[in-house]
Amino acid sequence: MSINRISNAFAKRTANNQSTFIAYMMAGDPDLAISRELLLGLPDAGADIVELGMPFSDPVAEGLTIQQAAQRSLLADTKMAGVLSLAKDFRKAHPDTPLILMGYANPVHHMGWQVFAKAAAKAGVDGMIIVDLPPEESDPFAKALTENDIALIRLIAPTTVGERLPKVLSGVSGFVYYVSVTGVTGDAVPDATEVANAVQNIKLHTDLPVAVGFGVRTPQTAQIIANCTDGVVVGSAIVATMHKTGVKAAFELVKKLADATHCKT
Amino acid sequence: MTKKYNSSYPDDHGRFGDFGGRYVPETLMPLVLELEQVWKKAKTDPAFIEQMDGYLKDYVGRPSAIYHAERLSEHFGGAKIWFKRDELNHTGAHKINNCLGQVLLAKRMGKTRVIAETGAGQHGVATATVAARFGLECVVFMGATDIERQKPNVFRMKLLGAKIVPVTSGTGTLKDAMNEALRDWVTNVDDTFYVIGTAAGPHPYPEMVRDLQSVIGREAREQILQREGRLPDACVACIGGGSNAIGLFYPFLDDKQVRLIGVEAAGKGLQTTKHAASLSGGKPGILHGNRTYLLQDDDGQIADAHSISAGLDYPGIGPEHSYLHDIGRVEYLSATDQEALDSFQLCTRLEGIIPALEPAHALARVGDLAKELGNNGLIVMNMCGRGDKDVFAVAGHLGIEI
């Protein structure tokens, strides 16, 4: 059911020759109540899939924008239980929109791989991305997720080449998340030609949809990237707009980004 | 109950029992796997070993002396105390043993830029020193709080040509510096080698740093056998990440009769939240590439460590120590800020050796141990750094203006 939700979301856009728009936000930034308002409004603003960031004290793959969002969230005393309660509210309001949780290993490990997977499934979560859990370390969590019908979405980086690429892809479900640049979130702007080549290469090894993230901030970039892939992820730009101007401005940005992503040329 | 020590660790997954591993973002994974292969080859390559030995002798000044701390032994009344004097190394601490090996490895891999995190500044200074010697660009990440309390080392690094990047995120200490170094590494993965300063991080770092620091224990073992005709009853070392301790302990791990004692930083006391004792006050978790004991809250968020010593101010510990703790081969004790300050002054007055605040923690437990072992006992303590860098901070704590 959960993994199907993800496939259906991509299939719907692909059928219209469109790319899928994935919006990222940080749970609990600036507090649970306001982030709930943003979360619940994202599908209507145009997000096909929502990625909900779980705050962590030491997020080593994040640029300053998402680091600070995590800090604000933790300062507001966001707990993992709170993140899961947001997921539950989202599922109630949006029965068909896929929800992915993205974060770091320790808070999940602290709860226990099994316990967490079960709780996430109960809250209606469809997929998980754990940035610091490469294939070499993911077996126990992957097993727990499979048992609970949650997709384990893996990151493929520009450095994932040669024999490693099929190896990393072998355990993926849901979709493939291609990290467009070697760097942290919200940093350098991806090179469209390089991204197109990388996506082509990934598709030689998998039938799953490929989404591209890291460094996509504007509708212009979103559209360029949308042309060479199945999905576009935007995070830092939404988080920054939300922080500076509020929920309404974030919805406006999401709408522009979604429209640009959906408008494949 | 003590389980048997497995000397073949880490295994193929980079694990020491349940600890260690490679918990890094995918971008770094291929590089970490490559480094593992390069290290495997280098450590048994006669040319690399000869090169290392040459620089350790002529540039670092090894072997470091072993010294009978006679007046301290008399003062405590009991066992005979020997210092392994790694504070006499070039740059004033054990850190350079490791930096030398890693920078030579960086050269071997064709990297042109090295990065490092630093707390007390000793690892930063050692990395900047070796980078200067081999003509590599060097960037050191240092917490803003630490920059303030370690000004002399900051200036030394600048003199050596390193760029210092102040880190303001979190509490601006060692953990945050390591986060920022990892972010830099993810971004500059092609040309950059990350010189990790302690026996932690993703595999192969814990193994590599241990192997490079084991020169301390190998020398100490040989020296004490030569001077005393027998192995010591106990080896003692302070622990932040644990590189000097694992370096001293490793060659003694199979000598069951030798007690091995690590001393963590208890800060303002283990009963408070202001300490850095990951084994005594933490739980297993995942941070900075490895599964190990960590100070963390009930929700798996990493807690801030505290210690008077910037070099021990870290909420984690190397994974091999977590393993040695769980099997009971090494005893882990702790010493408070105040005990370290007292030992710092005692050692300075009685031996004419100004210890760094880090080994001053170890010395705080050596006194109790000397009494416990009695007159026939033998203790080797790793004097892993000199205290010149700490004189300003100590003056501050003693309420003296200089």
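Criteria and thresholds
- Residues numbered from 1 in each chain as written.
- Chains lettered and ligands numbered in written order.
- Predicted model: local features only at pLDDT ≥ 70, side-chain atom pairs only at ≥ 80, totals over all residues.
- Heavy atoms only, no water.
- Helix = DSSP H or I, 4+ residues; strand = E, 2+ residues; numbered from the N terminus.
- Rg over C-alpha atoms; globule rule 2.2 N^0.38 Å.
- Buried < 20%, exposed > 50% of the residue type's maximum accessible area, 1.4 Å probe, protein only.
- Contact = heavy atoms within 4.5 Å.
- Areas by Shrake-Rupley, 256 points an atom, 1.4 Å probe, with all protein chains shown as cover.
- Lys, Arg positive; Asp, Glu negative; His and termini not counted.
- Charge placed at Lys NZ, Arg CZ, Asp CG, Glu CD.
- Pairing = 2+ DSSP bridges.
- Phe/Tyr/Trp six-rings, centres within 6.5 Å; stacked < 30°, edge-to-face > 60°.
- Salt bridge = Lys/Arg side-chain N within 4 Å of Asp/Glu carboxyl O.
- Axes fitted to C-alpha atoms, helices over the stretch in contact; angles between N-to-C directions.
- Parallel < 35°, antiparallel > 145°, perpendicular 65-115°, else oblique.
- Left-handed = near helix turned anticlockwise from the far one by under 90°.
- Nonpolar A, V, L, I, M, F, W, Y, C, P; charged D, E, K, R; others polar.

Draft legend 1. Representation of the overall build of chain B. Assigned secondary structure in chain B consists of 16 helices and 14 strands. Computed over the C-alpha atoms, the radius of gyration of chain B is 19 Å, within 12% of the 21 Å expected from 2.2 N^0.38 for a compact globule of 402 residues. Principal-axis analysis of the C-alpha atoms gives chain B an extent of 55 × 50 × 45 Å. Out of the 402 residues in chain B, the part that is buried amounts to 65%. The contacts in chain B between residues at least 6 apart in sequence include a share of 74% that link residues at least 24 apart. Accessible surface for chain B amounts to roughly 14100 Å². Of this, 50% is attributable to carbon and sulfur atoms. Within chain B, one finds 43 positive and 50 negative side-chain charges whose respective centroids are separated by 2 Å.

Draft legend 2. Quick peek at the sheet that holds strand β6 (residues 155-156) of chain A. Residue and element names in this part refer to chain A. Read from one edge of the open sheet, nine strands run β5-β4-β3-β2-β1-β9-β8-β7-β6, paired in parallel fashion. In this open sheet, the two edge strands, each paired with only one partner strand, are β5 (151-152) and β6. Both strand β4 (residues 127-130) and β5 contribute to a ladder of two bridges, which runs parallel. Bridging across to β5, M128 finds its partner in L152.

Draft legend 3. Layout of the packing of aromatic side chains. All names here are of chain A. Evaluated as defined, the whole model comprises 14 aromatic pairs over all chains. On the basis of an interplanar angle of 85 degrees and a centroid distance of 6.2 Å, the ring pair of Y177 and F214 is categorised as edge-to-face. In this pair, Y177 sits in strand β7 (residues 176-179) while F214 sits in the loop between β8 (210-213) and α10 (219-226), placing the two residues 37 residues apart along the sequence. Classification of Y177 as buried rests on a relative accessible area of 3%. Classification of F214 by relative accessible area gives buried; the value is 8%.

Draft legend 4. Just the pattern of salt bridges, in detail. Residue and element names in this part refer to chain B. A full pass over the atoms with the stated rule returns 39 salt bridges over all chains. For E339, the salt bridge is made with R365, and the minimal N-O distance between the two is 2.8 Å. Separated by 26 residues along the polypeptide, E339 in helix α14 (residues 337-351) and R365 in helix α15 (residues 357-373) bring together distant segments of the chain. Note on R365: relative accessible area 13%, which makes it buried.

Draft legend 5. The packing of helix α5 (residues 122-134) of chain B against helix α7 (residues 151-159) of chain B, seen in detail. Residue and element names in this part refer to chain B. Interaxial distance between α5 and α7 falls to 9 Å at its minimum, and their mutual angle equals 15 degrees. If you check the angle between α5 and α7, you find them roughly parallel. Where α5 crosses over α7, the handedness of that crossing is left-handed. Each of Q122, G124, V125 and A128 in α5 lies in contact with α7, whose residues at this interface are N153, R156 and M157. For the contact of α5 with α7, the per-class residue count stands at three nonpolar, three polar and one charged.

Draft legend 6. Unusual backbone geometry, seen in detail. Residue P10(B) follows Y9(B) across a cis peptide bond; omega there is 5 degrees. Note that the residue after H203(B), namely P204(B), is joined by a cis bond; omega there is 15 degrees. Relative to the elements of secondary structure, P204(B) occurs in the loop between β8 (192-194) and α9 (205-213). Its identity is not glycine, yet D77(A) carries a phi of approximately 70 degrees, on the positive side.

Draft legend 7. Fine view of the sheet that holds strand β11 (residues 283-287) of chain B. Residues and elements named next belong to chain B. Spatial ordering of the open sheet is given by β1-β2-β12-β11, a layout of four strands whose pairing is antiparallel. Looking at strand neighbours, the two that pair on one side only are β1 (15-16) and β11, the edges of this open sheet. Two strands pair when backbone bridges link them, and strand β2 (residues 19-23) and strand β12 (residues 289-294) are joined in this way by two bridges, in the antiparallel orientation. Directly across from G20, in β12, lies its bridge partner R291.

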